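What follows is each chain in one-letter form.
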Amino acid sequence: MNKITIEPVTRVEGHGKVTIHMDDNLNVAQTRLHIVEFRGFERFVQGRPYWEAPVLVQRLCGICPVSHHLAAAKALDVIVGAGTGNGLTPAGEKMRRLMHYGQTFQSHALHFFHLASPDLLLGYDSDPALRNVIGIALKHPDLAVQGVMMRKFGQEIIAATAGKKIHGTGAIPGGINKNLSIEERDRFLKGADPLNIDKMIEWSLSALELFKGYHKQNKAFIDNFAVFPSNHLSIVRKDGALDLYHGVLRAVDKDGKKILNDVDYQEYYKHINEEVRSWSYMKFPFLTSIGKKDGWYTVGPLARLNTCDFIPTPLAQNAFEEYKAYTNGKPNHSSLHMHWARLIETLHAAEMIKILLNDTDLQSDNLVTKGKKQFEGVGVIEAPRGTLFHHYKINEDDQITMANLIVSTTNNNEPMNRAVNDVANKMMTGKKEITEGMKNAVEVAIRAYDPCLSCATHSIGTMPLDITMYNSNNEVLDNYHS
Amino acid sequence: MKILIYGYGNPGRQDDALGIRLTENIEKWIISENISGVETDCNYQLNIEDAARISESDIVIFADATIEDIDDLAFTTINPDDSKIEFSMHAVSPAFVLDLCRKIYNKCPETYLLHIKGYEWDFKEELSSNAIINLEKAIKFTKQKISEFIKRNRIAK
């Protein structure tokens, strides 16, 4: 069998590689996205006082610390007896929501302007040295400024709600430790252009139009790139609305039939299991009722718009209706439609931020709820790149005795592998050499999922990824190092 | 003249915090000495919005921990032309930030990177003993550099 390896994947965080095995006829026989790091964090938090967890978990990853901060805090809400979801005070819940939608907004903006738009506007085959926001700055400077300022706006929302940029302490077990001052609120509502929420909504709409315009002209490519049937999982609000902060667990199959019907995520472990495969340190989650082979699922923007029934903000709902109509209301399985879904969520996040900023509950001093102590709690949140689970058990001395984390990128392990397989089959069959176009196609497929491998594997730093091609004797045919 | 000292790293990963710790120390020094025109900032890593941040400064010193084989500290000038394709979509290099700043704001502040050698990268907040020694050297070095920049600016005026 021949084999191709790709490492490192550019613009993907963490350590990983792609291997592609070819048979004697140069047909793609097997593809694998390898993640080669350890999972040491769960053991590290054991023995620590539970109230430290929302800050400690930010050590996992400097890329999505807010998601870990909030998921941990939600799990500890249960432990301090504040329950889940509506157990918090209005100020406590809404401040956290504002933090979360700020995080989603800046994360999605980064993905679109730094990652997706260069591929769309400059071409998938353009010079890789310029196929990033620098290239956008040269050809479309206004767009580059939008990307920078949307990131900046979201970061400032996070700083105002989490208390600081690094190791924020805003969310605490049972609530939040600060409210939003009138000055902070007005800065986001009425700040000088462009740093105000109305401009952010306007730019979110224009980014969506930009994608739709590209899609119109490149339907065949966008619609057929890395397409494969999948189950989809996310939390949704109890009434079926898109809700990135809180809800019940729902999964649908490839045809849209519910296969996990709005269950309480406190019992996620009854419904979700994780498979270990010898060639990857990243586990493969699956729905227990369906089994390892067919129970895998996709999470993230594509999945969320496949599981939810509607979006509870008007502009995003309009965009959602158009998006759903494109697949006749059926689940969307196209990896590159992830960008479309992500931009609809960006718009929704901006609308949510505006609604929250206008809510006077954010100025309340009633910030924390306490109740009867529990010894186990689960927190689930829709992080920008997908569903994130935090599960803790504590003892009588308030020490953490067990921690289990299933991060978004781990949830998307199998879909990313499937996406790579689809692209490899289409582009590498019959080949002995890896071209720049092939390499980038594999990367585009992986990047659509916005993976954070350092988060998934709890590694430190960044590690790019190579492509190596092996023949049937396991000899290297070609290697591409980014 | 505006000088920005910008440290980055994850303070929960032991010596990865060196850039942040340096920035915190410099901030205290600026306040205690009542030095004007010098600002500090820090984050987990650099990203595209930092192009806007550095566009407001004339001189920028990025401070970061490194595992590279250097002697305690390394102070290098950042050239925006050295900006390379980034392996990570979630963090960018000082040269990338400077290049982006130049392209979208038409500004190119005098920019340096202070690398501070680190040794241990566990899930801890405490620096390793060798890193503490390097941090002290870095603080002294940075104060000296800031003083030189301020003096140079006075002479230029």
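Everything that follows concerns the structure shown earlier in this document.
These numbers come from a predicted model, not from an experiment.

## Considering the overall build of chain B
- Assigned secondary structure in chain B consists of four helices and five strands.
- Beginning at the N terminus, the succession of helices and strands in chain B can be written as β-α-β-α-β-β-α-β-α.
- For a compact globule of 157 residues, the expected C-alpha radius of gyration is about 15 Å, and chain B comes in at 15 Å, within 12% of that figure.
- Counting only C-alpha atoms, chain B reaches 45 × 40 × 25 Å along its principal axes.
- Taken over 157 residues, chain B has a buried fraction of 58%.
- Of the contacts formed within chain B by residues at least 6 apart in sequence, a portion of 78% connects residues at least 24 apart.
- About 6,900 Å² of surface is accessible on chain B, with carbon and sulfur atoms providing 46% of the total.
- Taking the 19 positively charged and 27 negatively charged side chains of chain B as two groups, their mean positions are separated by 6 Å.

## Concerning unusual backbone geometry
Residues and elements named next belong to chain A.
- That bond from D193 to P194 is cis: its omega, 5°, falls within 30 degrees of zero.
- Here P194 is to be found in the loop between α7 (182-190) and α8 (197-217).
- Phi at D262 is positive, roughly 55°, even though this residue is not glycine.
- Judged by its relative accessible area of 24%, D262 falls in the partly exposed class.
- Although it is not a glycine, N474 adopts a positive phi angle of roughly 65°.
- Inspection of the secondary structure puts N474 in the loop between β15 (466-470) and β16 (476-481).
- A relative accessible area of 49% means that N474 is categorised as partly exposed.

## Here's the deal with the sheet that holds strand β12 (residues 376-383) of chain A
All names here are of chain A.
- Across the sheet, three strands lie side by side as β12-β13-β14; this open sheet has antiparallel pairing. The outermost strands of the open sheet, each flanked by one partner alone, are β12 and β14 (400-406). In this sheet, adjacent strand axes meet at a mean angle of 10° when their direction is disregarded.
- Sheet topology note: the strand β13 (residues 386-394)/β14 ladder contains six bridges and is antiparallel. If you follow H390 over to β14, its bridge partner there is L405.
- Contacts between helix α3 (residues 65-79) and the sheet are confined to β12, β13 and β14, with β12 contributing the most and set at about 150° to the helix.

## Things to note about the packing of helix α15 (residues 413-428) of chain A against helix α16 (residues 436-447) of chain A
Residue and element names in this part refer to chain A.
- Running from amino to carboxyl end, α15 crosses α16 at an angle of 155°, the nearest separation of the two axes being 8 Å. As judged from the angle between their axes, α15 and α16 are roughly antiparallel. Helix-helix and strand crossings are classified by hand; for α15 and α16 the assignment is right-handed. Packed against α15, whose contacting residues are M416, A419, V420, V423, M427 and M428, the element α16 presents G437, M438, A441, V442, A445 and I446 at the interface.
- Partitioning the contact of α15 with α16 into residue classes produces 11 nonpolar, one polar and no charged.

## A short note on the pairing of strand β10 (residues 284-287) of chain A
All names here are of chain A.
- Burial along β10 is two-sided: the face carrying F284 and F286 and the face carrying P285 and L287 are both buried.
- Bridging between strand β9 (residues 272-275) and β10 involves four bridges; their strand directions are antiparallel. Its bridge partner being in β10, I272 is matched across the sheet by L287.

## What to know about the packing of helix α6 (residues 141-162) of chain A against α7(A)
Residues and elements named next belong to chain A.
- At a minimum axis distance of 11 Å, the contact between α6 and α7 shows a crossing angle of 165°. One finds that α6 runs roughly antiparallel with respect to α7. You can see that α6 and α7 cross each other, and the crossing is left-handed. Between α6 and α7, the residues in contact are F153, E156, I157 and A160 and E184, R187 and F188, respectively.
- Grouping the amino acids of the contact of α6 with α7 by side-chain chemistry returns four nonpolar, no polar and three charged.

## A few points about the pattern of salt bridges
Residue and element names in this part refer to chain A.
- Per the stated rule, a full pass over the model turns up 38 salt bridges over all chains.
- Linking R96 and D77 is a salt bridge whose minimum nitrogen-to-oxygen distance equals 2.7 Å. Taken together, the positions of R96 in helix α4 (residues 90-122) and D77 in helix α3 put the pair 19 residues apart, joining distant regions of the chain.
- Among the ionic pairs, D398 bridges to K373, the shortest N-O distance being 2.5 Å. In this pair, D398 sits in the loop between β13 and β14 while K373 sits in the loop between α13 (337-357) and β12, placing the two residues 25 residues apart along the sequence.
- Given a relative accessible area of 30%, K373 falls into the partly exposed group.
- A network of salt bridges, in which partner residues are shared, links E275, R277, E414 and R418.

Cut-offs applied
Residues numbered from 1 in each chain as written. Chains lettered and ligands numbered in written order. Predicted model: local features only at pLDDT ≥ 70, side-chain atom pairs only at ≥ 80, totals over all residues. Heavy atoms only, no water. Helix = DSSP H or I, 4+ residues; strand = E, 2+ residues; numbered from the N terminus. Rg over C-alpha atoms; globule rule 2.2 N^0.38 Å. Buried < 20%, exposed > 50% of the residue type's maximum accessible area, 1.4 Å probe, protein only. Contact = heavy atoms within 4.5 Å. Areas by Shrake-Rupley, 256 points an atom, 1.4 Å probe, with all protein chains shown as cover. Lys, Arg positive; Asp, Glu negative; His and termini not counted. Charge placed at Lys NZ, Arg CZ, Asp CG, Glu CD. Pairing = 2+ DSSP bridges. Axes fitted to C-alpha atoms, helices over the stretch in contact; angles between N-to-C directions. Parallel < 35°, antiparallel > 145°, perpendicular 65-115°, else oblique. Left-handed = near helix turned anticlockwise from the far one by under 90°. Nonpolar A, V, L, I, M, F, W, Y, C, P; charged D, E, K, R; others polar. Salt bridge = Lys/Arg side-chain N within 4 Å of Asp/Glu carboxyl O.

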